[in-house]
Amino acid sequence: QVQLVESGGGLVQAGGSLRLSCAASGRTFRGNAMGWFRQAPGKEREFVAAISWRGGSTYYADSVKGRFTISGDNAKNTVYLQMNSLKPEDTAVYYCAAARTWVVSTLIADFGSWGQGTQVTVSA
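This is a predicted model, so every value here is computed, not measured.

K.L.:
Explain the packing of aromatic side chains here, please?
P.N.:
Pairs of aromatic rings are described using the distance from one ring centre to the other and the angle between the two planes. By the definition in use, this model includes five aromatic pairs. Ring plane angle 55 degrees and centroid distance 5.0 Å describe the contact between Phe-37 and Trp-114, whose orientation is recorded as tilted. Highlighted residues: Phe-37 in strand β4 (residues 34-39) and Trp-114 in strand β10 (residues 111-114), separated in sequence by 77 residues. Overall, the relative accessible area of 0% leaves Phe-37 in the buried class. Using a relative accessible area of 25% as the deciding quantity, one classes Trp-114 as partly exposed. Ring geometry for Phe-111 and Trp-114: centres 6.3 Å apart, planes at 55 degrees, overall tilted. Members of the aromatic cluster, each reached through a chain of ring pairs, are Phe-37, Phe-47, Tyr-59, Phe-111 and Trp-114. Sitting over the face of the ring of Tyr-95, Arg-45 holds its NZ or CZ atom 3.7 Å from the ring centroid. The residue whose ring lies beneath Arg-45 is Trp-114, and the NZ or CZ to ring-centre distance is 4.9 Å.

K.L.:
Where do I start with the pattern of salt bridges in this structure?
P.N.:
When the charged atoms of two side chains with opposite charge come close together, those side chains can pair. Applying the stated rule across the entire model yields four salt bridges. Across the pair Lys-65 and Asp-62 runs a salt bridge, and its minimum N-O distance is 3.1 Å. Assessed through its relative accessible area of 48%, Lys-65 is described here as partly exposed. Several salt bridges converge on common partners, so that one network encompasses Arg-38, Glu-46, Arg-67 and Asp-90.

K.L.:
Help me understand the pairing of strand β1 (residues 2-7) in this model?
P.N.:
Residues in a regular strand project their side chains so that they alternate between the two faces of the sheet. Burial along β1 is one-sided: the residues Val-2, Leu-4 and Glu-6 are buried and none of Gln-3, Val-5 and Ser-7 is. Relative to strand β3 (residues 18-26), β1 runs antiparallel, the two being bridged by six bridges. Note on β3: the bridge partner recorded for Ser-7 is Ser-21.

K.L.:
Would you take a moment to explain the nonpolar core for this structure?
P.N.:
In a soluble, globular protein the nonpolar side chains are often hidden away together inside. In this structure, Met-34, Trp-36, Leu-81, Met-83 and Tyr-94 are the most contacted members of the largest nonpolar core, which totals 36 residues. Only β1, β3, β4, β5 (46-51), β7 (68-73), β8 (78-83), β9 (92-99) and β11 (118-123) provide two or more residues apiece to this core. Sort the elements by how many residues they give to this core and β9 lands first, with six residues. Apart from the residues lying within four places of it in its own chain, the contact partners of Leu-81 are Leu-18, Arg-19, Leu-20, Trp-36, Val-48, Ala-49, Phe-68, Thr-69, Ile-70 and Tyr-94.

K.L.:
Which parts of the structure should I look at to understand the environment of Leu-20?
P.N.:
As for its position among the elements, Leu-20 is in strand β3. Residues Leu-20 and Val-79, spaced 59 residues apart in sequence, show a C-alpha to C-alpha distance of 8.3 Å. Those residues in contact with Leu-20 that lie beyond four places of it in its chain are Ser-7, Gly-8, Gly-9, Trp-36, Val-79, Tyr-80, Leu-81, Met-83, Tyr-94, Thr-118 and Val-120.

K.L.:
Explanation requested: the state of the cysteines in the structure shown.
P.N.:
Covalent bonding between the sulfur atoms of two cysteines defines a disulfide. Taken as a whole, this structure holds one disulfide when the rule is applied. Covalently, Cys-22 is tied to Cys-96 through a disulfide, its sulfur atoms 2.0 Å apart. Looking along the S-S bond of the Cys-22-Cys-96 disulfide, the torsion reads about -75 degrees, which is the left-handed sense. With Cys-22 in strand β3 and Cys-96 in strand β9, this pair connects stretches of sequence that are 74 residues apart.

Scoring rules and cut-offs
Each chain has its residues counted from 1, following the order in which its sequence is written. Local features in a predicted model are, by the rule used here, given only for residues with pLDDT of at least 70; side-chain atom pairs are given and counted only at 80 or more, and totals for whole chains, interfaces and linings are based on all residues. Only hydrogens and water are set aside; all other atoms, that is, all heavy atoms of the structure, feed into the side-chain values. Put simply, two rings from Phe, Tyr or Trp (the six-membered ring, in Trp's case) pair if the centres are within 6.5 Å, and we call them stacked under 30 degrees between planes, edge-to-face over 60, tilted for the rest. The way it works is that DSSP assigns letters per residue, a run of H or I at least four long becomes a helix, a run of E at least two long becomes a strand, and they are numbered from the N terminus. Three labels apply to residues, based on accessible area from a 1.4 Å probe with only protein chains included: buried if under 20% of the type maximum, exposed if over 50%, partly exposed otherwise in between. In this scheme, the term charge over a ring applies when either NZ of a lysine or CZ of an arginine sits within 6 Å of the ring centre and within 35 degrees of the ring normal. Any Lys or Arg side-chain nitrogen found within 4 Å of a carboxyl oxygen on Asp or Glu counts as a salt bridge. Strand pairing requires that DSSP identify at least two bridges connecting the strands. We call a set of buried residues a nonpolar core when its members are Ala, Val, Leu, Ile, Met, Phe, Trp, Tyr or Cys and they connect through side-chain atoms within 4.5 Å of each other. Here, residues are in contact when the closest pair of their heavy atoms is within 4.5 Å. The disulfide definition used here is simple: a pair of cysteine sulfur atoms within 2.5 Å.

Here is the structure:
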């Protein structure tokens, strides 16, 4: 089992930026794809971004494309989510997740390990 711990959430004004970090430990996850998801109050958890360590391919939800960037540092076992031009609708709990394989996926079922989540609040 991989342990994932998110950090970097907080309160920011619309148009501002935040960078989330996800530190991984436990069974090696290297080679597996990593992703970020979010869940707003009263809504289902949704895909935000994912990255594959094989070739570094990335994938984004349309709602964040051009504003968010996912990246990773293998040496630090850490994945990041840089969020720019934040909007009030980005307010949610953000979760880091490790996929079951190296294949980049947008599906919750393809991710077997999850962090506890970090709150991001964007004020208008």
